[in-house]
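Take a look at the letters that make up each chain.
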Amino acid sequence: MSDITVNTPLTSGSEHRAAPISAIGPVAWLRENLFSGWLSTAVTLVLGYLIIRAVMGFVDWAFINAIWSVPLNANGVAQTQACRELHGSGACWAVVTEKHRFMLFGTYPYEQHWRPAVVCLLFIGLFIVSAMRRFWNWTLIPIWMVTLTAIGMLMWGGVFGLPFVQQERWGGLPITLILSTFGLAFAFPLSILVALGRRSNLPAIKVLCVVYVELIRGVPLISLLFMASVMFPLFLPEGMNIDKLLRAQIAIILFAGAYLAEVVRAGLQSLPKGQYEAADAMGLSYWQKTGFIILPQALRMVIPPLVNTFIGFFKDTSLVLIIGIFDLLTAGKTAIVEPAWQGFGVEVYIFVGLIYLVFCFAMSKYSQGLEADLNRHRRR
Amino acid sequence: MKQVSRHSVFRMLGAAVVASVMALPAWAQPAGGSPTLDAIRARGTLVCGVNSGLAGFAQPDSRGEWRGFDVDYCRAVAIALFNDPSKVRFVPTTAQNRFTALQSGEVDMLARNTTWTLSRDTSLGFDFPAISFFDGQGFMVKASLGVNTARELDGASICVQPGTTTEQNLTEWARAARVTFTPVVIERLEEVVGAFVAGRCDAFTTDVSGLAAVRSAQANPAAYTILPDVISKEPLGPLVRHGDQAFADLVRWTHFGLVAAEEFGITAANVQQMTANDARPEVQRMLGKTGDLGKMLGVDPAWLARIIASTGNYGEIFARHLTPIGIQRGPNALWTTPGGQQYAPPFR
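Every value quoted in this text rests on a predicted model; they were computed, and no experiment measured them. (Residues numbered from 1 in each chain as written. Chains lettered and ligands numbered in written order. Predicted model: local features only at pLDDT ≥ 70, side-chain atom pairs only at ≥ 80, totals over all residues.)

## Concerning the overall build of chain B
Alright, step 1. The number of helices and strands found in chain B is 14 helices and 13 strands.
Alright, step 2. Relative to a compact globule of 348 residues, whose C-alpha radius of gyration would be 20 Å, chain B shows 22 Å and is just as compact.
Alright, step 3. Counting only C-alpha atoms and orienting by the principal axes, one finds that chain B spans roughly 65 × 60 × 40 Å.
Alright, step 4. Across the 348 residues in chain B, those meeting the buried criterion constitute 46%.
Alright, step 5. For chain B, the proportion of contacts with a sequence separation of at least 24, taken over those separated by at least 6, is 72%. (Helix = DSSP H or I, 4+ residues; strand = E, 2+ residues; numbered from the N terminus. Rg over C-alpha atoms; globule rule 2.2 N^0.38 Å. Buried ≥ 20, exposed ≤ 12 C-beta atoms within 10 Å, placed from the backbone. Contact = placed C-beta atoms within 7 Å.)

Spelled out as structure tokens, the structure:
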């Protein structure tokens, strides 16, 4: 019924105006944030210059002037004169080229290095599968059991024609993954029990949990590792030795358990009292209430601090260096003990740091996704 | 199954209680026999505690194989027992957990550049069968500093690592020599060396062997001088649990055998031929051609010949691991050379 047709000009009679100064898009963003006034422009230019200098310097050092390999002499000793003549103007990646297998797998027999390599892949596969929500049911338990058995068989050997390898020859990345994976996998359920126990009405359980958490949190991890490594063996009868790695592993589990318990307890306390009362009113038993009502909400709430603690412990496993276990970082440090390679620590630390970064960054990104996913109902 | 494990848990607890209450050392042995040797033979391998990474003495190479001066001592004992240098497991130990590892039986012996001291020999419950390396604490300065003796370091800043006896020796020496200094204490070797090279301190102190290794790793070793003063005695050697004399004897005579082999000119290359041809009676006894010295130690008659064929004599081990990192023979030369202190009692 309207007489306005498609071609009717909306503003008849007015002149065409110039397009407004762009308020969106990258140019506008730059103008708004970096060049909004003379001071801002000056700061931008100075900082830009410094950043470009630093990046160019790094590229020069890490790639253009870098040496990627050096020859070995007749005795198998690396000839690092070429690297030393750089005087720090270029990276000596030759140390990583030469030592990468030692850093990754420690003193594991050289011909058998494929076994720890497969173990690392199995661990990564296990992490990926466990992270996928479609596996969040009972199938995860057999998957973990089968994978961990396979990992144990590969590391120790002695079956299917694989030569037996003593634990003290294990090293590098598998040690870091074993300590952190087992540490967190056992510490997490333990921490939930302790957190529940600490809020329990039964005085004995409550006291026990409080004492455990406060005792463990009261001492540094390094002293717990010392206890496990130095004092504990003296209390065992002669000839009875509990594996050094297992002792360190138990210390890490106990330590991580105490810290995680406090994180979980924070989640439990953040729930409104009404949730508990409503569950009670429905006639649910304690475990039903906890399993169906309380924990799903409480854990969802504490994902960021949980992952924070996870990442912290992944890196804290490197403290086992003080008891002579070659984890990834210790293997890296040991690689540069050899006189020929002394002084190339930066390259080694960058290599090791990148590996840590990959794992920690993956954990961090995954937790962000998980948090957004699980807390979708809260988003406004 | 359950019964058994519970039983062993009780036994373990009981033993722990007994050990702690009665302060009975776990390594106390009845006289006679060698429980260590019995355990090693039953296990089929020697377990040897080594440094977790010290250039020249014990470090894994790029293939993860242990190499070094101390490592060869472990291999030599393994050869004496099993005629096989691979029948040895190396347990990396740190300065903190090395003694517990030996006391608790986690390792059979330590070959971990450990200084022989009275307290370690007595109250810690160890025996030091031999001195495999005479070391001592010294100073390194930049040659451009123009310092020739340690006493000229008055007022200097000295880089030192904390924790071990090094720092204590430095303080005691300075007090006795009336030298004042400013300590620059840095934990990690690489960092303390970096600080010294960068000029944050005038001198760097640690054992002379360590100084030599650091010096040889620098781009221009001639720019650094190791001062002649040695302010402490650091006799390093393998150690075993006190009370097992048979095993201590084996470790002791393994060392003496290596030293005597150098004295008599027996090397890895010529040991076969010397066993066959050398007419000197002591050489014949050492290499097991005559006499029953091996039997007295409880090993094969040709034990020493096999060790030398595999690792070489003392001088060869030294030349293979310590000479390349710039350590001179010095006091570790044979007693037949001036200043040398390595001496082996007669093999008869």
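What follows continues from the structure just given.
## Some points on the interface of chain B and chain A
Accessible area lost on assembly of the parts is the figure often given for the size of an interface.
Alright, step 1. Contacts between the two partners involve 35 residues from chain B and, on the opposite side, 34 residues from chain A.
Alright, step 2. Of all the secondary-structure elements, those providing two or more residues to the side of chain B that touches chain A are helix 1 (2-21), strand 2 (59-60), strand 4 (88-93), helix 4 (98-103) and helix 8 (208-217) of chain B.
Alright, step 3. Looking at which element gives the most residues to the side of chain B that touches chain A, the answer is helix 1 of chain B, with five residues.
Alright, step 4. Each residue belonging to the side of chain B that touches chain A can be placed in one class, and the counts come to 16 nonpolar, 15 polar and four charged. (Nonpolar A, V, L, I, M, F, W, Y, C, P; charged D, E, K, R; others polar.)

## Points about helix 6 (residues 140-156) of chain A
All names here are of chain A.
Alright, step 1. Helix length check: helix 6, at 17 residues, gives a terminal C-alpha distance of 24 Å against a target of 24 Å (1.5 Å per residue), a fit within 8%.
Alright, step 2. Taken together, the buried positions of helix 6 are occupied by Ile151, Leu154 and Met155. Seen from one end, helix 6 has its buried residues packed into an arc of 95°, which puts them on one side. Residues of helix 6 that are exposed and angled more than 90 degrees away from the buried face: Ile141, Pro142, Met145, Val146 and Thr149. (Expected span 1.5 Å × (residues − 1). Arc of directions from axis to C-beta.)

## Here we look at the domain arrangement of chain A
All names here are of chain A.
Alright, step 1. Domain boundaries in chain A define domain 1 (109-164) and domain 2 (173-325).
Alright, step 2. On a C-alpha basis, the centres of domain 1 and domain 2 stand 24 Å from each other.
Alright, step 3. Per-element accounting of the side of domain 1 that touches domain 2 gives the leading share, four residues, to helix 5 (residues 114-131).
Alright, step 4. Its residues placed into classes, the side of domain 1 that touches domain 2 shows five nonpolar, no polar and no charged. (Domains from an automatic or database assignment.)

## Description of helix 15 (residues 345-374) of chain A
Alright, step 1. With 30 residues, helix 15 of chain A extends 43 Å between its outermost C-alpha atoms, agreeing within 8% with the 44 Å of an ideal straight helix rising 1.5 Å per residue.
Alright, step 2. When helix 15 of chain A is considered as a whole, its buried residues turn out to be Glu347, Val348, Val352 and Phe359 of chain A.

## Some points on unusual backbone geometry
Alright, step 1. With a phi angle near 50°, Phe160 of chain A is a residue other than glycine that sits in the positive phi range.
Alright, step 2. When the 7 C-beta atoms within 10 Å are taken as the criterion, Phe160 of chain A is described as exposed.

## Regarding the sheet that holds strand 12 (residues 224-226) of chain B
Residue and element names in this part refer to chain B.
Alright, step 1. If you walk across this open sheet you meet the five strands as 10-9-11-8-12, and the pairing is mixed. The open sheet has two free edges, formed respectively by strand 10 (181-185) and strand 12, since each of these has just one partner strand. Across the sheet, the mean angle from the axis of one strand to that of its neighbour is 30°, orientation sign disregarded.
Alright, step 2. Of the strand pairs in this sheet, strand 9 (residues 156-160) and strand 11 (residues 203-207) are connected by two bridges, and their pairing is parallel. Following the sheet pairing, Cys159 is matched in strand 11 by Phe204.
Alright, step 3. Sheet strands in contact with helix 7 (residues 189-197) are strand 9, strand 10 and strand 11, and its direction is about 155° off that of strand 9. (Pairing = 2+ DSSP bridges. Axes fitted to C-alpha atoms, helices over the stretch in contact; angles between N-to-C directions.)

## So, the environment of Gly343 of chain A
All names here are of chain A.
Alright, step 1. If you trace the backbone, Gly343 turns up in the loop between helix 14 (328-335) and helix 15.
Alright, step 2. The buried category is assigned to Gly343, around which 22 C-beta atoms lie within 10 Å.
Alright, step 3. Along the chain, Gly343 and Gln249 lie 94 residues apart, while their C-alpha atoms are 32 Å from each other.

## Details of the packing of helix 5 of chain A against helix 6 of chain A
Residues and elements named next belong to chain A.
Alright, step 1. Where helix 5 meets helix 6, the axes come as close as 9 Å, and the angle between the chain directions of the two elements is 170°. Classified by the angle between their axes, helix 5 and helix 6 sit roughly antiparallel to one another. From helix 5, Arg115, Pro116, Val118, Val119, Leu122, Leu126, Val129 and Ser130 reach across to helix 6, where they touch Leu140, Ile143, Trp144, Thr147, Ala150, Ile151, Leu154 and Met155.
Alright, step 2. Among the residues making up the contact of helix 5 with helix 6, the classes are represented as 13 nonpolar, two polar and one charged. (Parallel < 35°, antiparallel > 145°, perpendicular 65-115°, else oblique.)

## A look at the packing of helix 7 (residues 173-198) of chain A against helix 13 (residues 303-316) of chain A
For any two helices packed against each other, one specifies the inter-axial angle together with the distance between the axes.
All names here are of chain A.
Alright, step 1. Where helix 7 meets helix 13, the axes come as close as 9 Å, and the angle between the chain directions of the two elements is 140°. Here helix 7 runs over helix 13; the crossing is right-handed. For the pair helix 7 and helix 13, contact is made by Ser180, Gly183 and Leu184 and by Phe310, Phe313 and Phe314, respectively.
Alright, step 2. Here the contact of helix 7 with helix 13 is composed, by residue class, of four nonpolar, two polar and no charged. (Left-handed = near helix turned anticlockwise from the far one by under 90°.)

## Quick word on the pairing of strand 5 (residues 109-115) of chain B
Strand residues, when the strand is regular, have side chains that alternate between the two faces of the sheet.
All names here are of chain B.
Alright, step 1. In terms of burial, strand 5 is a largely internal element, six of the seven residues being buried.
Alright, step 2. Bridge count for strand 5 against strand 13 (residues 234-241) is four bridges, and the pairing is antiparallel. Following the sheet pairing, Thr114 is matched in strand 13 by Gly237.

## Thoughts on the nonpolar core
Within soluble globular proteins, side chains that are nonpolar tend to cluster in buried spots.
Alright, step 1. By size, the foremost hydrophobic cluster in this structure holds 169 residues, and its most contacted members are Cys48, Cys74 and Val77 of chain B.
Alright, step 2. Both domain 1 (109-164) and domain 2 (173-325) of chain A contribute no fewer than three residues apiece to this core.
Alright, step 3. Setting aside residues up to four positions removed in sequence, Val77 of chain B forms contacts with Leu46, Met109, Leu250, Val251 and Thr254 of chain B. (Core = buried A, V, L, I, M, F, W, Y, C linked by C-beta atoms within 7 Å.)

## Describing the pairing of strand 13 of chain B
Residues and elements named next belong to chain B.
Alright, step 1. With seven of eight residues buried, strand 13 lies mostly within the body of the structure.
Alright, step 2. Both strand 7 (residues 133-135) and strand 13 contribute to a ladder of three bridges, which runs antiparallel. The residue bridging Phe134 from the neighbouring strand is Pro235, located in strand 13.

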